[in-house]
Amino acid sequence: MRVLPGSPFRIGGLHHRHDPGNGTSQADLPERLAFLRKVYSYFTGTVVLFAATTWWASTSTVALSMFAKLGMFGHIALFLGLFLLIRATASSFPLNVLALAVFAAAEGFLVGPIVQWALVTDGPDVVLQAASLSAITFGVITSYVLTTRKDFSWMRTALLAGFALLMGILVLSWFGIGTGLVSGWGYSAAFVGLMAGFLIYDTSNVLHRFPPHMAATAACTLFIDIVIFFVHLLRLLVLRRN
């Protein structure tokens, strides 16, 4: 499989086929605040673990060799296995937290070669810029949604349609159809915009719909959004510079 910034697939079923109900929105204020603190504590730890694993995978010849040996179908199988693990342990503490940690480390392994590509192509500054912009975007969106407390569930259909379209283009490119679209910066620009929308939608779901016992799953949802946002923002910045 090529080291293409887009190989970590979004597992939309984690938070779109699963309806957590209105557990959080129906809870009293102290319980909701405790839930949100737990979600963002898990999220922060997940991002730190992801960053460490990504750094290792981008600088280790062993990791890069393992990535290459897996091949496209190996990457897909790994990701599907992790998806099933997250789904199976969603309501089981502390297994869901352990599954979240495993997922974060595996994502770092998958994203590491993409970061390595960016380092070789454009140096460390572009990676730092992509990470900083991702953090700022996440902070602004989170603050807006949690402050206004608006329900953005109406965005679901449009976001899923956009995601299906972009993933369809990616799959076709594996067979030599529309390769130019995927290799250009416009594809990643579209994904950056789409994932910003998903961050709004999923943050709203965390606030209004996830029940208190699924904090790890809620954190994983946000983590997936920001990882894909970062990957495509990094790719966009590199391609635009070159």
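Our structure is the block above this text.
Residue positions are counted from 1 within each chain, in the order its sequence is given. Only residues with pLDDT of at least 70 are given local features in this predicted model, and only at 80 or more are side-chain atom pairs given and counted; all residues enter the totals for whole chains, interfaces and linings. Note that water and hydrogens are dropped before the side-chain values are worked out from all heavy atoms of the structure.

## With respect to the nonpolar core
For our purposes a nonpolar core is just a set of buried Ala, Val, Leu, Ile, Met, Phe, Trp, Tyr and Cys residues, chained together by side-chain atoms within 4.5 Å. Using a 1.4 Å probe on the protein chains alone, a residue whose accessible area is under 20% of its type maximum counts as buried, one over 50% counts as exposed, and one in between counts as partly exposed. F35, V39, F103, F191, V206, F230 and L234 are the most contacted members of the largest nonpolar core, which totals 71 residues. Secondary structure follows DSSP: runs of H or I at least 4 residues long count as helices, runs of E at least 2 residues long count as strands, and numbering of each begins at the N terminus. Those elements that place two or more of their residues in this core are helix 3 (29-59), helix 4 (61-88), helix 5 (95-122), helix 6 (124-148), helix 7 (156-174), helix 9 (185-208) and helix 10 (215-241). In terms of residue count, helix 10 provides more of this core than any other element does, 19 residues in total. When neighbours within four sequence positions are excluded, F191 is seen to be in contact with F163, L166, M167, I228 and H232. Contacts are assigned to residue pairs with any non-hydrogen atoms lying within 4.5 Å of each other.

## So, the packing of helix 5 against helix 6
The interhelical angle for the contact between helix 5 and helix 6, taken along N-to-C directions, is 130°, at an axis separation of 7 Å. Compared by their axis directions, helix 5 and helix 6 come out oblique. Where helix 5 abuts helix 6, its residues V115, A118, L119 and D122 lie against P124, V126 and V127. Put simply, Ala, Val, Leu, Ile, Met, Phe, Trp, Tyr, Cys and Pro go in the nonpolar bin, Asp, Glu, Lys and Arg in the charged bin, and everything else, Gly too, in the polar bin. A class-by-class count of the residues in the contact of helix 5 with helix 6 yields 6 nonpolar, no polar and 1 charged. As a rule, the C-alpha atoms of each element are fitted with a line to give its axis, helices using only the stretch in contact, and angles between N-to-C directions run from 0 to 180 degrees. Any angle that is under 35 degrees is reported as roughly parallel, and any over 145 degrees as roughly antiparallel; angles of 65 to 115 degrees are reported as roughly perpendicular and all others as oblique.

## Digging into unusual backbone geometry
In this structure, R149 is a non-glycine residue whose phi angle is positive, near 60°. Turning to its location among the elements, R149 is positioned in the loop between helix 6 and helix 7. Residue class for R149 comes out partly exposed when judged on its relative accessible area of 44%.

## Some remarks on the packing of aromatic side chains
Paired rings are identified among Phe, Tyr and Trp, the last through its six-membered ring, by centres lying within 6.5 Å, and are further divided according to the angle between planes into stacked (under 30 degrees), edge-to-face (over 60) and tilted (the rest). Summed over all chains, the structure comprises 11 aromatic pairs. Relative to F223, the ring of F103 lies with its centre 6.1 Å away and its plane at 75°, an arrangement referred to as edge-to-face. Within this pair, whereas F103 is found in helix 5, its partner F223 is found in helix 10, the two being separated by 120 residues in sequence. Ring centres of F163 and F191 lie 6.3 Å apart, and the angle between their planes is 80°; this geometry places the pair in the edge-to-face category.

## With respect to the layout of surface pockets
A pocket here means an open set of points on a 1 Å grid, computed over the protein atoms alone, that has protein on both sides within 12 Å along at least five of seven lines. A cavity is instead a set of points where a 1.4 Å probe fits but cannot get out; residues with an atom within 4 Å of a point line either one. Grid points are joined across faces, edges and corners, and a volume is the space filled by probe spheres set on the points. Of the voids in this model, the largest pocket is the one considered here, and its volume is about 380 Å³. Taken together, 19 residues make up the lining of the largest pocket; nearest its centre are V47, F50, A51, A131 and F230. Looking at the lining of the largest pocket, the elements that each hand over two or more residues are helix 3, helix 5, helix 6 and helix 10. With 8 residues, helix 3 is the largest single contributor of residues to the lining of the largest pocket. Residue composition of the lining of the largest pocket, grouped by class: 15 nonpolar, 4 polar and no charged.

Note that every value here comes from positions in space, so none of it alone points to a role or purpose.
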